[in-house]
Amino acid sequence: MGRRQGLGSRLLARAEEAARARGCRQAVLETHDFQVPAFYPKHGYICCGVTEDWPAGHRQYHFQKQLA
């Protein structure tokens, strides 16, 4: 299965569902510029920080989403 097949969206939805079932109120994650960070805002995540040059020559993005 390749990109744009919806697998990532389904996995993320299942993870959020499992977190809610356990009483989690917020999801927090990190990703990098080479890992398609634009995916997460499409699913309601808000970028709450960026670490420059981590790893060297790249950016690390910090996202959060309220689940409750």
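Details of the structure are given in the entry above.
Below you will find a few notes about this structure. (Residues numbered from 1 in each chain as written. Predicted model: local features only at pLDDT ≥ 70, side-chain atom pairs only at ≥ 80, totals over all residues. Heavy atoms only, no water.)

Remarks on the nonpolar core
Phase 1: Core analysis: the largest hydrophobic core is formed by nine residues, namely Leu12, Ala19, Ala27, Leu29, Tyr40, Tyr45, Tyr61, Phe63 and Leu67.
Phase 2: Only α1 (7-21), β1 (26-32) and β3 (59-66) provide two or more residues apiece to this core. (Core = buried A, V, L, I, M, F, W, Y, C linked by side-chain atoms within 4.5 Å. Buried < 20%, exposed > 50% of the residue type's maximum accessible area, 1.4 Å probe, protein only. Helix = DSSP H or I, 4+ residues; strand = E, 2+ residues; numbered from the N terminus.)

A closer look at α1
Phase 1: In this model, α1 (15 residues) spans 21 Å end to end at C-alpha, consistent with the 21 Å of a helix rising 1.5 Å per residue.
Phase 2: For α1, the secondary structure elements touched by its buried residues are β3. (Expected span 1.5 Å × (residues − 1). Contact = heavy atoms within 4.5 Å.)

Considering the environment of Ala18
Phase 1: As for its placement among the helices and strands, Ala18 is situated in helix α1.
Phase 2: On the basis of relative accessibility, which here comes to 30%, the residue Ala18 falls in the partly exposed class.

Regarding the sheet that holds β3
Phase 1: Spatial ordering of the open sheet is given by β1-β3-β2, a layout of three strands whose pairing is antiparallel. Of all the strands in the sheet, just β1 and β2 (46-52) have a single pairing partner and so form its edges. With strand direction ignored, the average angle separating the axes of adjacent strands in the sheet is 20 degrees.
Phase 2: Here β2 runs beside β3; their pairing, made up of six bridges, is antiparallel. Its bridge partner being in β3, Glu52 is matched across the sheet by Arg59. (Pairing = 2+ DSSP bridges. Axes fitted to C-alpha atoms, helices over the stretch in contact; angles between N-to-C directions.)

None of this, on its own, says anything about what the molecule does.
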